[in-house]
Amino acid sequence: MTMNRTMTLLLIDDKATNLFALEQLLEKQDRVFLQATTGREGLKLALDHEVDLIILDVQMPEMDGFEVAQILQSNKRTKDIPIIFASAEKKERQSIIQGFEEGAVDYLSKPLDPELTKAKVSVLLKIQLQNRQLQEKNLALQQADEHINLLNVDLQKNLRQLEAANKELESFSYSVSHDLRSPIRAMLGYARIVEEEQAGKLNDAAGRALKIIRDNAQKMNRMIDDLLSFSKLGRQALQRLYVDMDALVRTVLIDLRQRLPYQPEIAVHDLLPAHADTALLAHVWTNLISNAMKYSSKAAHPQVEIGAQAGDNEVQYYVKDNGAGFDMKYADKLFQVFQRLHRASDFEGTGVGLAIVQRIVVRHGGRIWAEAKVNEGAIFYFTLPVATPHESYADVTKRASQIIDAR
């Protein structure tokens, strides 16, 4: 809103010549004038229009200026309109006092002093404009507060629904875990019994069938573990600490080299620290690096590269490999639960790992994405907030080692 808004002046005087002279004196491009020759007519105009200033003659027949002012002051719509009384009474002091008592903000004596009249009107209009603007801003703030309150009510409602859904999901997850593990344990148990009791008696086809049963049961077990891990992430509180990323990644690599048969050439560049949950971050690195090692395992010379670069308010990390890669048109499926872009016969996995990684990164306020070409490798990127030191290098190394050992 600008200061050039059109202002409306209501002139009330029983003499048309006075009204004409006053309008000529006060006329400006950004002003609109309403005229009334009686108090009743003036009241009607004040009620029917948005008036910014009233110049009111005191001495009028039927209803004088004081009576008009009383009625204006008693009405909610017109009580805040500033009034300037104009009077030619001889008892000027008494008239002025009465005028202020009836709500006038200023007083002009007739005959009017042109320069004084213009100056007073200009000042009062400026004040009235500022008051109008303040009222509009207050109204806007009030409406904004009401909108925020409504949003807060909706938010609380949604939070309660989310809490109920999380509890239901937790109950469902544990139920699924219990109900599914029982038949899986039975499958594995009976497969082991058959294998032990029929050792040397099974033909090749039966042996292969038994192995398929056992392998699939174990895969189902891993899928249940991953699904439970995924569901728990939404409830797990973050413990943000200063993380020495070099130390954490070195610890993860030591563990992976001992556990995995894939041994690619690994290059680790300087890794900037982050402010994150060390345990969850160890899971991110373990998943991304083990995937890079796995999918590059069939390359002639498997290579994995790990690095980082600083942004304005975040650090961008990456894990690059020269392995199988994938078609980018399926990239939107990468972070979905149980979605895989490679056949299980080529590369084992449950299809939950990257979904867990994405949830961890997003909970930290970061982003994760990937770029790849088929048979030319892939690069996975993720971002985290810039770190502030809270833990020493030794603390992070010890903490990372404990995390790895716990798994």
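Just above, that's the structure.
Residues numbered from 1 in each chain as written. Predicted model: local features only at pLDDT ≥ 70, side-chain atom pairs only at ≥ 80, totals over all residues. Heavy atoms only, no water.

Draft legend 1. A look at the packing of helix α7 (residues 245-259) against helix α8 (residues 278-295). α8 packs onto α7 with a crossing angle of 50 degrees between their chain directions and a minimal axis gap of 10 Å. On the basis of the axis angle, α7 is oblique to α8. The chirality of how α7 crosses α8 is right-handed. Each of Met245, Leu248, Val249, Val252, Leu253, Leu256 and Arg259 in α7 lies in contact with α8, whose residues at this interface are Thr278, Leu281, Ala282, Trp285, Thr286, Ile289, Ser290 and Met293. (Axes fitted to C-alpha atoms, helices over the stretch in contact; angles between N-to-C directions. Helix = DSSP H or I, 4+ residues; strand = E, 2+ residues; numbered from the N terminus. Parallel < 35°, antiparallel > 145°, perpendicular 65-115°, else oblique. Left-handed = near helix turned anticlockwise from the far one by under 90°. Contact = heavy atoms within 4.5 Å.)

Draft legend 2. Just the pairing of strand β10 (residues 314-321), in detail. With 6 of 8 residues buried, β10 lies mostly within the body of the structure. Direction of pairing for strand β9 (residues 303-310) relative to β10: antiparallel, over a ladder of 7 bridges. Residue Glu305 lies in a different strand from β10, and its bridge partner there is Lys320. The hairpin turn running from β9 into β10, its antiparallel successor, is 3 residues long. Of the pairings in the sheet, the one linking β10 to strand β12 (residues 377-385) comprises 8 bridges and is antiparallel in character. Across the sheet, residue Val319 finds its bridge partner in β12, namely Phe380. (Buried < 20%, exposed > 50% of the residue type's maximum accessible area, 1.4 Å probe, protein only. Pairing = 2+ DSSP bridges.)

Draft legend 3. Just helix α1 (residues 16-26), in detail. Taken as a whole, α1 has its buried residues at Leu19, Leu22 and Leu26. Each buried residue of α1 sits inside an arc of 70 degrees when the element is viewed along its axis, so together they form one side. Turned more than 90 degrees away from the buried face of α1, the exposed residues are Ala16, Thr17 and Phe20. (Arc of directions from axis to C-beta.)

Draft legend 4. Fine view of the sheet that holds strand β4 (residues 83-87). If you walk across this open sheet you meet the 5 strands as β2-β1-β3-β4-β5, and the pairing is parallel. The open sheet terminates on both sides in strands that have one partner only, identified here as β2 (31-36) and β5 (106-109). Strand-to-strand, the axes of this sheet are offset by a mean angle of 20 degrees, without reference to chain direction. Two elements, strand β3 (residues 53-57) and β4, share 4 bridges in a ladder whose sense is parallel. Across the sheet, the residue bridging to Asp57 is Ala86, located in β4. Against the sheet, α1 engages β1 (7-12), β2 and β3, with an angle of about 170 degrees to β2.

Draft legend 5. Layout of the nonpolar core. Ranked by internal contacts, the top residues of the largest apolar core, which has 43 residues, are Met245, Leu281, Trp285, Ile289 and Phe382. Elements supplying a minimum of two residues to this core: α7, β8 (274-277), α8, β9, β10, α9 (353-363), β11 (368-373) and β12. In terms of residue count, α8 provides more of this core than any other element does, 9 residues in total. Excluding residues within four positions of it along the chain, Phe382 makes contact with Leu281, Val284, Trp285, Leu288, Val315, Gln316, Tyr317, Val361, Arg367 and Ile368. In terms of nonpolar packing, the next biggest core, distinct from the first, is built from 21 residues, Ile54, Met60, Leu72 and Phe85 among them. (Core = buried A, V, L, I, M, F, W, Y, C linked by side-chain atoms within 4.5 Å.)

Draft legend 6. Spatial organisation of the pattern of salt bridges. A complete count under the given rule lists 10 salt bridges for this structure. In this structure, Arg132 engages Asp52 in a salt bridge whose closest nitrogen and oxygen atoms are separated by 3.1 Å. Within this pair, whereas Arg132 is found in helix α5 (residues 114-197), its partner Asp52 is found in the loop between α2 (39-48) and β3, the two being separated by 80 residues in sequence. Grouping residues by exposure puts Arg132 and Asp52 together as buried. The residue Glu314 makes a salt bridge to Arg367 at a minimum N-O spacing of 2.6 Å. Note that Glu314 is positioned in strand β10 and Arg367 in the loop between α9 and β11, a separation of 53 residues in sequence. The class of Glu314 is partly exposed, set by a relative accessible area of 25%. One network of salt bridges, in which partners are shared, links Asp13, Asp57 and Lys110. (Salt bridge = Lys/Arg side-chain N within 4 Å of Asp/Glu carboxyl O.)

Draft legend 7. Seen up close, the packing of aromatic side chains. Scanning the model with the defined rule gives 7 aromatic pairs in all. Here the aromatic cluster, defined as three or more aromatic residues joined through ring pairs, consists of Trp285, Tyr317 and Phe382. (Phe/Tyr/Trp six-rings, centres within 6.5 Å; stacked < 30°, edge-to-face > 60°.)

Draft legend 8. Region of the structure containing the sheet that holds β9. Read across the open sheet, the 5 strands follow the order β7-β9-β10-β12-β11; overall the sheet is mixed. On the outer flanks of this sheet lie β7 (265-268) and β11, each paired with one strand and no other. Neighbour-to-neighbour, the strand axes of the sheet open up by a mean angle of 15 degrees, direction not taken into account. Of the pairings in the sheet, the one linking β7 to β9 comprises 4 bridges and is parallel in character. Looking at β9, one finds that Ile266 is bridged to Val304. Its contacts with the sheet place α8 against β7, β9, β10 and β12, and it is angled at close to 30 degrees to β10.

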